[in-house]
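One letter stands for each residue in the lines below.
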Amino acid sequence: MRRPSSAARTPLTVAALAALALTAVPAQAATPAAHTPDAPSPVAHRPTHPSHGQQPTAPGEFVALSEVAPTIRQDIRYFTPHNFVGEPVDGYRSPMCLVTEDTAHALARAQRAFLRQGYTLKVYDCYRPQRAVDHFVRWAADPEATKMKGEFYPRVAKDRLFEDGYIAEKSGHSRGSTVDLTLAKLPAAPTRPYVPGEPLTPCYAPKDERFPDNSVDAGTGFDCFDTLSHTDDPRVTPAQRANRQLLKKGLERQGFTNLPEEWWHFTHEPETFPDTYFDFPVSRRSLTHRH
């Protein structure tokens, strides 16, 4: 989820991350420009000084997934404290999935096929504003912020999260065509809420020991910073591999490409905005210009 899907990653030291977190200043909204592999893609930031309390809004190509595919379950983890940071993430003002319209319709087609097989899709994250990615960068620069290590990265030293590619300065999610998702077998009971401070279990533990989730067993929980999360890791059981492949093949039929390091991460191609990283909040108000 954190690895950029088409932008180059540059390893940074913790000291460099701290400096970046202290000096980064939001830029004025950018006009998309030609992207080259050696130059950063434009970031459509919120205005530095918004007038009259206005917030940036999404381009007309963005929609709420619930309006296109209402049967897809949503468990937006970054709106809650149940994530690797351990607190709600900047920019998530509503627990909702925003994506480009092409992506939403492709998910709707995939959902119809999965429903016929007795499954439903469940999304954990969709469009992600740049300010949320900046929050991840600040968190990665703080060596003391490790309260969720026991669940999300038990076997990874925090000072290696950037170097190992688990955190990046840019995310394909910010372009609106990338989603983190899984499958749940129907009928699927709701997942209970996370209680801050509850005991943590490693994300790669057996399913009946991990945080309870109504999804199929894919070998790890969502956002597990571990090589076991690699889609084709040979250590998962045959049943876990079958669940990963069911999700992957079903989404590939609708134009999605999987990130090999994360079984839950898919990008719909061709992307509607391949060169722009947006920063409007995850909120229905971001879409009000459409109505």
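Refer to the preceding data block for the structure.
Residues numbered from 1 in each chain as written. Predicted model: local features only at pLDDT ≥ 70, side-chain atom pairs only at ≥ 80, totals over all residues. Heavy atoms only, no water.

Undergrad: I tried to follow the overall build of the protein on my own but got confused; where do I start?
TA: Within the protein, the regular secondary structure consists of six helices and nine strands. Within the protein, the fraction of its 291 residues that count as buried is 51%. In the protein, the proportion of contacts linking residues at least 24 apart, taken out of those at least 6 apart, comes to 75%. Total accessible area computed for the protein in this model is approximately 12900 Å², and 56% of it derives from carbon and sulfur atoms. (Helix = DSSP H or I, 4+ residues; strand = E, 2+ residues; numbered from the N terminus. Buried < 20%, exposed > 50% of the residue type's maximum accessible area, 1.4 Å probe, protein only. Contact = heavy atoms within 4.5 Å. Areas by Shrake-Rupley, 256 points an atom, 1.4 Å probe, with all protein chains shown as cover.)

Undergrad: Even after reading the chapter, I still don't get the nonpolar core, so can you show me in this structure?
TA: When a protein is soluble and globular, its nonpolar side chains tend to lie buried together. Judged by nonpolar contacts, the single largest core of 62 residues is most densely connected at F84, L107, L121, I167 and L181. Of all elements in the fold, only β2 (62-64), β4 (98-100), α3 (101-116), β5 (119-125), α4 (130-140), β6 (178-185) and α6 (238-252) reach the threshold of two or more residues within this core. Considering each element in turn, this core owes the most residues, six residues, to α3. What L107 contacts, discounting residues up to four positions off in sequence, is L65, I72, L121, V179, L181, L251 and F256. (Core = buried A, V, L, I, M, F, W, Y, C linked by side-chain atoms within 4.5 Å.)

Undergrad: Sorry if this is basic, but what is going on with the side chain of Q130 here?
TA: Looking at the secondary structure, you find Q130 in helix α4. The exposure class of Q130 is buried, given its relative accessible area of 2%. At a separation of 3.1 Å, a polar atom in the side chain of Q130 contacts the main-chain carbonyl oxygen of E169. (Polar contact = N/O pair within 3.5 Å; in protein donor to acceptor, adjacent residues only side chain to side chain.)

Undergrad: Whenever I open this one, the side chain of E198 confuses me. Can you help?
TA: Within the secondary structure, E198 sits in the loop between β6 and α6. Of the polar contacts made by the side chain of E198, one reaches the backbone nitrogen of V195; its length is 2.7 Å. Those residues within four positions of E198 in sequence are excluded, and the remaining contacts are R192, P193 and F211.

Undergrad: Mind showing me how you'd approach the state of the cysteines here?
TA: Structurally, a disulfide amounts to a covalent bond that connects the sulfur atoms of two cysteines. Overall, the coordinates contain two disulfides when judged by the stated rule. There is a disulfide in this structure between C97 and C126, and the S-S distance comes to 2.0 Å. Across the S-S bond linking C97 and C126, the dihedral sits near -105 degrees, which makes this disulfide left-handed. Here the residue C97 occupies a position in the loop between β3 (73-74) and β4, and C126 occupies one in the loop between β5 and α4, the gap between them amounting to 29 residues. Summarising the burial analysis for this pair, C97 and C126 share the class buried. With its bonded cysteines labelled in order along the sequence, the protein shows the pairing 1-2, 3-4. (Disulfide = S-S within 2.5 Å.)

Undergrad: Before we go on, may I ask you to explain the sheet that holds strand β7 (residues 256-258) in this structure?
TA: Strands in a sheet are paired, the pairing made by backbone hydrogen bonds, and the direction either parallel or antiparallel. One open sheet holds the five strands; their spatial order is β3-β5-β6-β8-β7, and the pairing between them is mixed. Unpaired on one side and paired on the other, β3 and β7 mark the two borders of the sheet. Pairing analysis gives three bridges linking β6 to strand β8 (residues 265-268), with the strands arranged antiparallel. Within β8, the position partnered with T178 by the bridge is T267. In the packing of α3 onto the sheet, the strands contacted are β5, β6, β7 and β8, and the crossing angle to β5 comes to about 145 degrees. Strands β5, β6, β7 and β8 of the sheet are contacted by α6, whose axis makes an angle of about 125 degrees with β6. (Pairing = 2+ DSSP bridges. Axes fitted to C-alpha atoms, helices over the stretch in contact; angles between N-to-C directions.)

Undergrad: For this particular structure, what's the right way to read the environment of P81?
TA: The residue P81 is located in the loop between β3 and β4 in this model. P81 sits in the partly exposed class, given a relative accessible area of 24%. The spacing of P81 and P196 is 115 residues in sequence and 7.0 Å in space, taken between C-alpha atoms. What P81 contacts, discounting residues up to four positions off in sequence, is G86, E87, P88, M148, Y194 and P196.

Undergrad: Where do I start with the packing of α3 against α6 in this structure?
TA: When two helices pack together, you describe them by how their axes are tilted relative to each other and by the distance separating the axes. With their axes 9 Å apart at the nearest point, α3 and α6 run at an angle of 130 degrees to one another. For the element pair α3 / α6, the angle class is oblique. Helix-helix and strand crossings are classified by hand; for α3 and α6 the assignment is right-handed. Packed against α3, whose contacting residues are L107, A110 and F114, the element α6 presents L246, L247, G250 and L251 at the interface. Counted by class, the contact of α3 with α6 contains six nonpolar, one polar and no charged residues. (Parallel < 35°, antiparallel > 145°, perpendicular 65-115°, else oblique. Left-handed = near helix turned anticlockwise from the far one by under 90°. Nonpolar A, V, L, I, M, F, W, Y, C, P; charged D, E, K, R; others polar.)

Undergrad: Help me understand α3 in this model?
TA: Residues separated by three or four positions in an α-helix point in the same direction, a consequence of the helix having 3.6 residues per turn. Between its terminal C-alpha atoms α3 stretches 23 Å, which fits the 22 Å expected from 16 residues at 1.5 Å a residue. Residues T103, A104, A106, L107, A108, A110, Q111 and F114 constitute the buried set of α3. Phi turns positive one or two residues past the end of α3, at G118, with a value near 90 degrees. (Expected span 1.5 Å × (residues − 1).)

Undergrad: Would you mind showing me how to read the environment of R160 here?
TA: With respect to the secondary-structure elements, R160 resides in the loop between α5 (149-152) and β6. In sequence terms R160 and A140 are 20 residues apart; their C-alpha atoms lie 9.3 Å from each other. Polar side-chain contacts of R160 include one of 2.6 Å to the side chain of D164.

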